[in-house]
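Architecture at a glance
So the chains spell out like this:
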Amino acid sequence: MLYLVLSLFLSLYPTTDKQPLLIVLGDAQDAGYPQADCHKDCCAQYWDGGQLVHRVTSLGLYDPASNQTWLIDATPDFRDQLKTLQTFRTEQRDTPLDGIFLTHAHIGHYTGLMQLGREVMGAKEVPVYAMPRMRTFLEGNGPWSQLVELKNIAIQPLKADSAVQLTETLTITPFLVPHRDEYSETVGYVIAGPNKSILFIPDIDKWEKWDRNIIEEIKKVDIALIDGTFYQDGELPGRDMSEIPHPFIQETMNLLGELPSSEKAKVHFIHFNHTNPLIWDVEARNALKEAGYRAAREGQVFFL
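In short, a report on the structure. Worth saying up front: this structure is predicted, and the values here are computed from it rather than measured.

Our focus in this paragraph is the overall build of the chain. Per the secondary structure count, the chain includes 10 helices and 14 strands. The C-alpha radius of gyration of the chain comes to 19 Å, within 12% of the 19 Å expected for a compact globule of 304 residues. When each of the 304 residues of the chain is scored for burial, the buried share is 56%. Across the chain, contacts joining residues at least 24 apart in sequence account for 69% of those joining residues at least 6 apart. Total accessible area on the chain is roughly 13800 Å²; 49% of this is exposed by carbon and sulfur atoms. Counting 27 positive and 41 negative side-chain charges, the chain places the centres of these two groups 4 Å from one another.

Okay, here's the thing in structure tokens:
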């Protein structure tokens, strides 16, 4: 369905003076929606035919001037997300995409790399941009190390707060955020085009643990796609939510409450857990909009 919608979008997209695009390729937490072995009402709505699948959070970048494409995070939904991203290319090329930028080593953010290996694509030196600990993790642990050994991927080093120049008008800059860094550090990104910039933070523990002020970071950009994993405390009955810390959406809205409406409108929550009502409750999404914020949605396109 998404493939067809974006194909229609592209047919209407002007053929001249095209700007780089950022495409939301998924909006769910690492396990997607519905989640495995979930028997709660939230997932039952999908199994009963009342909701659509939500793919795991990932972003795509497309530069029409060079016909290049990049992914931010390689998710378990890599197959479908790559296909969607490739629809933007005006003509297909030998390489499936021009690079993958990883945020960290939790299952929803890098495990799609397996699709590049000999069992599937047998890709040739796809650039994979990774921070130092992330690189060490990939190089030192199978099956990811096999991707390196067989040259399915070519790891490109990232440095915090150092911009990567993708094209003359398009850059991406990683920055460190606090998160459960069992296997790697965690980064967010600022993606900047010729006209607009976007902040992307799919995972962070709590805003107060960060050495930056989220309010000031929002002011610097045009769009902010930020961690909306859980709507409120108590969302996972029987589990200590301090063990999986994220800023609850209610906390974030309270923190940003004094911002003018123009700044609030920049905020698009993303990375929804299956229990988060924003993924399956229209009323919750409408209430969020009335409060001045947005919920990111798979298929959204932002001009850069």
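Before going further, it helps to spend a moment on the sheet that holds strand β1 (residues 21–26). The sheet built from seven strands is open, its strands ordered β6-β5-β4-β3-β2-β1-β14 with mixed pairing. Every other strand in the sheet has two partners, leaving β6 (153–157) and β14 (301–303) as the edge strands with one partner each.

To continue, consider the sheet that holds strand β7 (residues 164–165). Across a sheet, strands are paired by hydrogen bonds formed along the backbone, either parallel or antiparallel in direction. An order of β7-β8-β9-β10-β11-β12-β13 is seen for the seven strands of this open sheet, with the pairing classed as mixed. With one partner strand each, in any of the chains shown, β7 and β13 (294–295) form the two edges of the open sheet. Here six bridges tie strand β8 (residues 171–176) to strand β9 (residues 187–192), and the two strands are oriented antiparallel to one another. Residue L176 lies in a different strand from β9, and its bridge partner there is V187.

Right, let's get into the pattern of salt bridges. When charged atoms on two side chains of opposite charge get close, those side chains can pair. This model, assessed by the stated rule, comprises 13 salt bridges. Note that D98 and R93 form a salt bridge whose closest N and O atoms lie 2.7 Å from each other. On the accessibility criterion, R93 (31% relative accessible area) is partly exposed. Here R135 makes a salt bridge to E139, at a shortest N to O gap of 3.0 Å. Note that R135 and E139 are positioned in helix α5 (residues 132–140) at a spacing of four residues, about one turn of the helix. Ionic contacts of the salt-bridge type, sharing partners, join the residues R55, R79, D80 and E298 into one network.

On the secondary structure map, H179 appears in the loop between β8 and β9. We classify H179 as buried; its relative accessible area is 6%. At 3.4 Å, the side chain of H179 forms a polar contact with the side chain of H106. For H179, the contacting residues outside a window of four places in its chain are H104, H106, T186, D203, I204, D205, P245 and H246.

Scanning all chains against the criterion turns up 10 aromatic pairs. Ring plane angle 80° and centroid distance 5.9 Å describe the contact between F101 and Y189, whose orientation is recorded as edge-to-face. Linking F101 in strand β4 (residues 100–101) with Y189 in strand β9, this pair joins segments that are 88 residues apart in sequence. The same class applies to F101 as to Y189, namely buried. For the ring pair Y110 and F137, a centre distance of 5.6 Å and an interplane angle of 85° mean the geometry is edge-to-face. Note that Y110 is positioned in helix α4 (residues 107–110) and F137 in helix α5, a separation of 27 residues in sequence. Taken together through their ring pairs, the aromatic side chains of Y110, F137, W144 and Y183 make up a single cluster. The ring of F248 carries the charged tip of K206 above its face, separated from the ring centre by 3.9 Å.

The next thing to look at is helix α10 (residues 282–290). All buried positions along α10 are accounted for by A284, R285 and L288. One side of α10 holds all its buried residues, which, seen down the axis, span an arc of 100°. Turned more than 90 degrees off the buried face of α10, the exposed positions are V282, E283, K289 and E290. Residues of α10 that are buried make contact with α8 (249–255), β12 (267–270) and β13. Among the residues trailing α10, G292 stands out with phi positive, at a value near 105°.

The rules behind each value
Residues numbered from 1 in each chain as written. Predicted model: local features only at pLDDT ≥ 70, side-chain atom pairs only at ≥ 80, totals over all residues. Heavy atoms only, no water. Helix = DSSP H or I, 4+ residues; strand = E, 2+ residues; numbered from the N terminus. Rg over C-alpha atoms; globule rule 2.2 N^0.38 Å. Buried < 20%, exposed > 50% of the residue type's maximum accessible area, 1.4 Å probe, protein only. Contact = heavy atoms within 4.5 Å. Areas by Shrake-Rupley, 256 points an atom, 1.4 Å probe, with all protein chains shown as cover. Lys, Arg positive; Asp, Glu negative; His and termini not counted. Charge placed at Lys NZ, Arg CZ, Asp CG, Glu CD. Pairing = 2+ DSSP bridges. Salt bridge = Lys/Arg side-chain N within 4 Å of Asp/Glu carboxyl O. Polar contact = N/O pair within 3.5 Å; in protein donor to acceptor, adjacent residues only side chain to side chain. Phe/Tyr/Trp six-rings, centres within 6.5 Å; stacked < 30°, edge-to-face > 60°. Lys NZ or Arg CZ within 6 Å of the ring centre and 35° of its normal. Arc of directions from axis to C-beta.

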